[in-house]
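Chain by chain, the residues run as shown.
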Amino acid sequence: MQEAFLVQAMNRHGDAVYRLALCRLQNLADAEDVYQETFLQFFQQKNAQSWEDEHLKAWLLRVAVNKCADIGRRRKANSCVALDDIPELSGKDCFAYMELWDAVNHLPEKPRMIFHLFYSEGYKTEEISEILKIPASTVRVNLNRARKAIRKELEDSEDVS
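Here the structure is a predicted model, which means the values were calculated and not measured.

**Student:** Can you tell me about the confidence of the model for the protein chain, naming the residues and giving the values?
**Tutor:** Summarising the model, the protein chain shows a mean pLDDT of 83, and 83% of its residues fall at 70 or more. Note on residues 76-83: pLDDT is under 50 here. Beyond four places in sequence and across chains, it has nine contacts.

So, in structure tokens, the structure goes:
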């Protein structure tokens, strides 16, 4: 029964955990480690089957954030995702999409993670505040700064072209 619940949680929220870890750590192997450690910790929770789905997702993302912080403390240098590791996109917006996320990857860690949670995962600022354990106003400030920095980087890249 507990194993079936674990598989269900992995199917429903595993992608979100993995994307958050990859966004924060920018390293495939580390993101996979965070995914594995997060769901291992979830498997060890005794009362998890009684949680509502949104509580479960928020708990998983909070644990993933903590696991990322643990890895961040252990490693000194930041690494980035190689272009070969990014799945291919189709359509004419592929270049614009890659350019946008390249700009996002140049953001400092906290605004990058907030940007990801807001735009990729669809969380509201209050929910991000709860997940990251920071004030909602800090989330909004970081989100605004991230937007400005991305806009500036995209404008600068257009000027160079």
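**Student:** Kindly report on the packing of aromatic side chains, identifying the contributing residues and their values.
**Tutor:** All chains considered together, the criterion is met by eight aromatic pairs. Ring plane angle 55 degrees and centroid distance 4.9 Å describe the contact between Tyr35 and Phe39, whose orientation is recorded as tilted. Pair noted here: Tyr35 and Phe39 are both in helix α2 (residues 28-43), with a separation of four residues, about one helical turn. Judged by relative accessible area, which is 22%, Tyr35 ranks as partly exposed.

**Student:** Kindly report on the nonpolar core, identifying the contributing residues and their values.
**Tutor:** One finds Phe42, Leu61, Leu117 and Leu132 to be the most contacted residues of the largest nonpolar core, which totals 40 residues. Every element with two or more residues in this core is listed here: α1 (2-25), α2, α3 (53-74), α4 (94-105), α5 (109-120), α6 (125-132) and α7 (136-160).

**Student:** Break down the environment of Leu60 for me, with residues and values.
**Tutor:** For Leu60, the position within the fold is in helix α3. With a relative accessible area of 0%, Leu60 lands in the buried category. Those residues in contact with Leu60 that lie beyond four places of it in its chain are His13, Val17, Thr38, Phe39 and Phe42.

Each value, and the rule that gives it
Residues numbered from 1 in each chain as written. Predicted model: local features only at pLDDT ≥ 70, side-chain atom pairs only at ≥ 80, totals over all residues. Heavy atoms only, no water. pLDDT = per-residue confidence, 0-100. Contact = heavy atoms within 4.5 Å. Phe/Tyr/Trp six-rings, centres within 6.5 Å; stacked < 30°, edge-to-face > 60°. Helix = DSSP H or I, 4+ residues; strand = E, 2+ residues; numbered from the N terminus. Buried < 20%, exposed > 50% of the residue type's maximum accessible area, 1.4 Å probe, protein only. Core = buried A, V, L, I, M, F, W, Y, C linked by side-chain atoms within 4.5 Å.

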